[in-house]
Amino acid sequence: MKTTTHTTDLGIKLQQGFSKKSRDEKIRSLSKELEIPHLEDVLKNFHHPDISVQRLIEEFSENTLSNYYFPFSIAPNFLINNKLYHIPMTIEESSVVAAASKSAKFWASRGGFHADVISTTKIGQVHFIWKGDVDRLKHHFDELKENLLTGTEHITANMVKRGGGIKDISLIDLRHEMPDYFQLKAEFETVDSMGANFINSCLEEFSIILKSWLNNSGHFHGTEKEADVIMSILSNYTPDCLVETSVSAPLQSFAQVDNDLTASQFVTKFARAVEVARIDPHRATTHNKGIFNGIDAVVLATGNDFRAVEAGGHTYAARSGKYSSLTSVEIENDIFTYKLKVPMSLGTVGGLTRLHPMARLSLEILHNPNAEELMRIASAAGLANNFAAIKSLVTKGIQLGHMKMHLLNILNSFNACSEEKELALQHFEKEKVSHTAVRNFIETLREQKYGN
């Protein structure tokens, strides 16, 4: 296909019809324009060898040129509600899987993780502007609600058969925030589906039904018969789609955690570190990031939407008006309990969960969980990773373990050969790892070997 361009007012040339080109045409076009001669070779090196799988992956997104590989790892020995899991995790940060695995082993001998799904309700909204008699609208709202429910039965029928559907619809008056601004706020149950397409389809139908009802019900006159629908869309903030996970053990269980701290001293420092995250938003952000290190890795491995989960979790962390920790510590009767409460909308059917071969395999490794079970698993991974991070911070410091895990990445950045890597791993077993220290070690090895 011939490449055509469009020139902007600033004289910048834009490619036209890029999405209509074949994959190879896109690659050649970019390689020529960007003057990257090796672009084609690099991209083709990451194509899947099975053409059918490659075509499947390419259809997940627009303008796909190749695949971007992330490590697919297993964090073993997670005991959750007395059931053993080996959890798939997809993440590039070197210490996350190690930290989760270490925590899983630590807590497996102390009763494991206890997780409960509090609710699975999801939210969707129709945002609209309406100028009329609000009391009359409220008076007749039950009639509108019935129209909304019956008018979407063709969309909800299959979901209702699976135990889900529309749970409730309410009218939200937000005129104090913006002139004439209202919402139809709907609550949904989507069972084992993430439900985004289902919810959005219902909401877009709501907007049509709302306009028709205002115009034809006979309750309104003049401009009251018109509504300006701004948008109809689900919310990724799901404060009623909650999972609570905890670990608990007697204080004496921490006697061997650190050689320099007694069990009581360790638990006190740990609790204070979590309190700092409750008080200080700067610390809370990093604290919660550590939680999502674990959660995101599971969400991504199972083909779910980690961006939606993160957005909802961070909003929940700021629900009091100040961003704060998602975890809390309780110490009662010499029992230490660490809890995580986080909203999480996950699915095990639909989307990529069964379509992507690796996502499908991840669910098989997890014994094919339903959505609630997957919420519990992901939450446990988040709490495990956070516990390991806080444990390191209040004892030996985060860098010792983190940088040792990062050592291979640093060695690869210096193009270290197998022999150099082996010697470096031995050397830094007892030495502190830093970029400078590794560079000096490699340079010394090479000077000794090559004499320059």
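Counting restarts for each chain, with residues numbered from 1 along the sequence as it is written. Local features in this predicted model are restricted to residues whose pLDDT is 70 or higher, and side-chain atom pairs enter the listing and the counts only when it is 80 or higher, whereas totals over whole chains, interfaces and linings include all residues. Only hydrogens and water are set aside; all other atoms, that is, all heavy atoms of the structure, feed into the side-chain values.

Here the focus is the packing of aromatic side chains. Only Phe, Tyr and Trp rings are paired, with Trp represented by its six-membered ring, and only when their centres lie within 6.5 Å; those with planes under 30 degrees apart are stacked, over 60 edge-to-face, the remainder tilted. The final tally for this structure, using the stated rule, is 21 aromatic pairs. Between F254 and F336, the aromatic rings sit 5.0 Å apart at their centres with planes inclined by 75°, giving edge-to-face as the arrangement. Here F254, found in the loop between β10 (242–250) and α9 (263–279), pairs with F336, found in strand β12 (residues 335–343); they are 82 residues apart in sequence, far enough to count as distant. Exposure categories follow from relative accessible area, calculated using a 1.4 Å probe and restricted to protein chains: below 20% of the type maximum is buried, above 50% is exposed, and the middle band is partly exposed. Among the residues examined, F254 registers a relative accessible area of 0% and is labelled buried. Relative to F387, the ring of F270 lies with its centre 5.3 Å away and its plane at 35°, an arrangement referred to as tilted. Pair noted here: F270 is in helix α9 and F387 is in helix α13 (residues 371–393), with a separation of 117 residues, a long-range link. Comparing F270 with F387, the two get one shared label, buried. The rings of F106, W107, F254, F266, F270, F336, Y338 and F387 are connected pair by pair, giving a single aromatic cluster. Counting from the N terminus, the helices are the DSSP runs of H or I reaching at least four residues and the strands are the DSSP runs of E reaching at least two.

Time to look at the sheet that holds strand β5 (residues 114–117). If you trace the four strands from one edge of the open sheet to the other, you get β5-β10-β12-β11, paired in antiparallel fashion. Because the sheet does not close on itself, it has two edges, and the strands there are β5 and β11 (327–332). Pairs of neighbouring strands in the sheet enclose a mean axial angle of 20°, with direction left out of account. Here six bridges tie β11 to β12, and the two strands are oriented antiparallel to one another. Among the inter-strand pairings, E330 is bridged to a residue of β12, identified as T337. We call two residues in contact whenever any of their non-hydrogen atoms come within 4.5 Å of each other. Between the N-to-C directions of two axes lies an angle of 0 to 180 degrees, each axis being a line fitted to C-alpha atoms and, for a helix, fitted only over the stretch in contact. In the packing of helix α10 (residues 281–301) onto the sheet, the strands contacted are β11 and β12, and the crossing angle to β12 comes to about 75°. Note on pairing: two strands pair once DSSP finds at least 2 bridges between them.

The phi dihedral of E35 falls on the positive side, at around 55°, and the residue is not glycine. The residue E35 is located in the loop between α1 (23–34) and α2 (39–45) in this model. In this structure E35 comes out as exposed when scored by relative accessible area, which is 68%. Unlike most non-glycine residues, D180 shows phi in positive territory, near 60°. For D180, the position within the fold is in the loop between β7 (165–173) and β8 (181–189). Residue D180 is classed as partly exposed on the basis of its relative accessible area of 24%.

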